[in-house]
Structures are given as structure tokens and as C-alpha cells.
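# An overview of the molecular structure
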Amino acid sequence: MQDTAVNVPSTNPMGSSSNDYHLLPVTEKQTQFALAIAKRTGKTLPSDVQQDRHALSVWISENKDTPKGGKFENYASSKQVAFAERIARMKRRTVPDECIRDRSLMSKWIDYNR
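Throughout this description, residue numbers start from 1 for each chain and increase along the sequence as written. Residue-level local features of this predicted model are given only where pLDDT is at least 70; pairs of side-chain atoms are given and counted only at 80 or more, and the full residue set underlies all totals for whole chains, interfaces and linings. Side-chain descriptors were evaluated using all non-hydrogen atoms of the structure, hydrogens and water having been removed beforehand.

## Considerations on the packing of aromatic side chains
Stated precisely, the cut-off is as follows: Stacked, tilted and edge-to-face are the three classes assigned to paired rings of Phe, Tyr and Trp, where Trp is represented by its six-membered ring and a pair needs centres within 6.5 Å; plane angles under 30 degrees give stacked, over 60 edge-to-face, the rest tilted.
Taken as a whole and judged by the stated rule, the model has one aromatic pair. Centre to centre, the rings of Phe 72 and Tyr 75 are 5.0 Å apart; their planes meet at 90°, and the pair counts as edge-to-face.

## As for helix H4 (residues 78-91)
Rule in force here: Helical segments are the DSSP runs of H or I of at least four residues, strand segments are the runs of E of at least two, and each set is numbered from the N terminus. By this rule, a helix spans an expected 1.5 Å times one less than how many residues it contains. Only protein chains enter the accessibility calculation, which uses a 1.4 Å probe; a residue is then buried when its area is under 20% of its type maximum, exposed when over 50%, and partly exposed in between. Think of it as the arc spanned by the lines of direction from the helix axis to the C-beta atoms. Contacts are assigned to residue pairs with any non-hydrogen atoms lying within 4.5 Å of each other.
Relative to the 20 Å expected for 14 residues at 1.5 Å per residue, H4 spans 20 Å between its end C-alpha atoms, a close match to the ideal helical length. The complete set of buried residues in H4 reads Gln 80, Val 81, Ala 84, Ile 87 and Ala 88. The buried residues of H4 occupy one face: seen down the axis, they fall within an arc of 125°. In H4, the exposed positions angled more than 90 degrees off the buried face are occupied by Ser 78, Lys 79, Arg 89 and Met 90. In this structure, the buried side of H4 is in contact with helix H5 (97-100) and helix H6 (103-113). Where H4 ends, the next residue or the one after it, Arg 92, has phi of about 55°, a positive value.

Now the structure itself:
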């Protein structure tokens, strides 16, 4: 049997695929979030950034609040715990409690038991 290629017409006028994320307009939700960050932090939101979706996304990432360290800061994430429990069920083992309280131990446990 001979392999045949199927040509799919491109929607891009140049005939190549591209990522047009930067061409999309800024969303209302994105703008509201950026303005809330600016108000909370006392920083000004530059007008040129408000017109460019990518620039606004970068500004948000740089200026949003960082999580404050707390009692559960070093605990394993819920996704880590769920994955470890799935492995434990397959291997008929239990996940040690100390792994739940330490994300690096959990990571090591997962790597070792895969």
C-alpha cells in the first residue's frame, strides 16, 4: 500500500501556521485583573501595556501577588498526592505521611515507586 499525503488548506494567507495570540485584543477580564493588581499594589498600569495582550500578560505575571509562606507552604500539592495515591494503589502500598507534609520527599517517593 502506498503512503499518500493529504493536503489540508491553510487558513493563513501566507500558507504557514503561526501563533496569533499576540494579535488578539486584550480581554475585559484581563484588564480588570490588571487594574485590580495596580490598585492593590499602588503601581501604575502603563497605557501602552493596556493595548497589547502579550505585554499586559507579562505585566500581570510580574506584578501579581506572590503566595505568602505559610504553615502548608512545603506540603505536597493535591496533584502530587493524587498521583502518589494512584501509584500506591497499583503497588498495594501506602503513601507515607511524611511525604504528604514535604513536597520534595513526595517527589522522591513518586520517582522511586513509578
